[in-house]
Amino acid sequence: VLDSLTGLYNRMAYQEFAEPLYEKCRLQKKPVTVMFIDADHLKYINDTCGHSGGDIALQSIAYVLREYEKKYEGVAGRYGGDEFVLLLTGLDDESELRGILDEIVLRFQSEVGSGGQSIPIKCSIGVAVYHSGAGLEEMIADADEALYYVKHNGKGYYHIHQN
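The structure displayed is predicted, hence computed values, not measured ones.

Moving on, we get to the packing of helix H1 (residues 11-27) against helix H4 (residues 136-151). Running from N to C, H1 and H4 point in directions that differ by 110°, and their axes come no closer than 10 Å. Relative to H4, the element H1 is oriented roughly perpendicular. Contact residues: H1 offers Tyr 14, Gln 15, Ala 18, Glu 19 and Tyr 22, while H4 offers Leu 136, Glu 137, Met 139 and Ile 140. Of the residues assigned to the contact of H1 with H4, the class counts are six nonpolar, one polar and two charged.

Turning our eyes to something else, we now look at the layout of surface pockets. Once rolled over the atoms, a probe with the size of a water molecule shows which space is left empty. In this structure, the largest pocket spans a volume of roughly 160 Å³. Along its surface, the largest pocket is lined by Pro 31, Thr 33, Leu 91, Asp 92, Asp 93, Glu 94, Leu 97, Val 129, Ile 160, His 161 and Gln 162. Residues of the lining of the largest pocket, tallied by class, amount to five nonpolar, three polar and three charged.

Strand order in the open sheet formed by five strands is E2-E3-E1-E6-E7, and the pairing between neighbours is mixed. Whereas interior strands pair on both sides, the edge strands pair on one side only; in this sheet they are strand E2 (75-80) and strand E7 (158-160). Taking the axes of each pair of neighbouring strands and ignoring which way they run, one obtains an average angle of 20° across the sheet. By the bridge criterion, seven bridges tie strand E1 (residues 32-39) to strand E3 (residues 83-89) in an arrangement that is antiparallel. Bridge assignment links Val 34 to a residue of E3, and that residue is Leu 87. Each of E1, E2 and E3 touches H1; the most contacted strand, E2, lies at about 140° to it. Along the sheet, H4 makes contact with E1, E2, E3, strand E6 (123-129) and E7, crossing E6 at roughly 140°.

Let's shift gears to the pairing of strand E4 (residues 110-114). Here E4 runs beside strand E5 (residues 117-121); their pairing, made up of five bridges, is antiparallel. Bridged to Glu 111 within E5 is Pro 120. Between E4 and E5, which pair antiparallel in sequence order, lie two residues; one of them, Gly 115, sits at a positive phi of approximately 55°.

Turning to its location among the elements, Asp 40 is positioned in the loop between E1 and helix H2 (42-71). Ignoring any residue separated from it by four or fewer positions in sequence, one finds Asp 40 in contact with Ile 45, Lys 122, Cys 123, Ser 124, Lys 151, Lys 155 and Gly 156.

Parameters at a glance
Residues numbered from 1 in each chain as written. Predicted model: local features only at pLDDT ≥ 70, side-chain atom pairs only at ≥ 80, totals over all residues. Heavy atoms only, no water. Axes fitted to C-alpha atoms, helices over the stretch in contact; angles between N-to-C directions. Helix = DSSP H or I, 4+ residues; strand = E, 2+ residues; numbered from the N terminus. Parallel < 35°, antiparallel > 145°, perpendicular 65-115°, else oblique. Contact = heavy atoms within 4.5 Å. Nonpolar A, V, L, I, M, F, W, Y, C, P; charged D, E, K, R; others polar. 1 Å grid on protein atoms, 1.4 Å probe; cavity = no way out; pocket = protein on both sides within 12 Å on 5 of 7 lines; lining within 4 Å. Points joined across faces, edges and corners; volume = space filled by probe spheres on them. Pairing = 2+ DSSP bridges.

Shown next as structure tokens:
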């Protein structure tokens with residue numbers, strides 16, 4: 001159920017835990033946000049710092065996501081490789097969402113020291129905000145589409161999917 005490297009839910013477990021929370025929020029008309037997060041330049045980190053450096057980068061990303069998962073009654077998971085998903089509930093409005101995203105982006109633009117090396121951490125984030133009738137899979141696809149936009153327009157930032 002848990003990804004052995006990051007301690008986050010693996011992809012299947014994420015869906016299993018996120019789906020009921022998503023449906024509950026949808027029925028109660030509570031805001032739901034899904035983020036699709038991709039570690040930028042993981043291959044470069046693996047090539048220059050070794051796979052242990054890449055592992056440290058992924059663990060650092062997971063650590064940050066767990067904080068937001070707890071703070072906003074959400075669910076975080078490792079979707080695969082260097083991709084993560086984060087479902088957050090109870091955000092009041094787009095202003096609060098953008099504040100959180102700015103905070104996360106800053107936290108991901110950092111370096112982690114390990115074994116005398118400095119490992120750069122940087123992520124791109126695609127975001128989907130619940131819209132009427134959307135299921136969790138559609139939200140993940142929308143967030144992934146927004147991530148694609150970020151990856152092709154400079155990386156290291158976020159984009160909110162426009163419905």
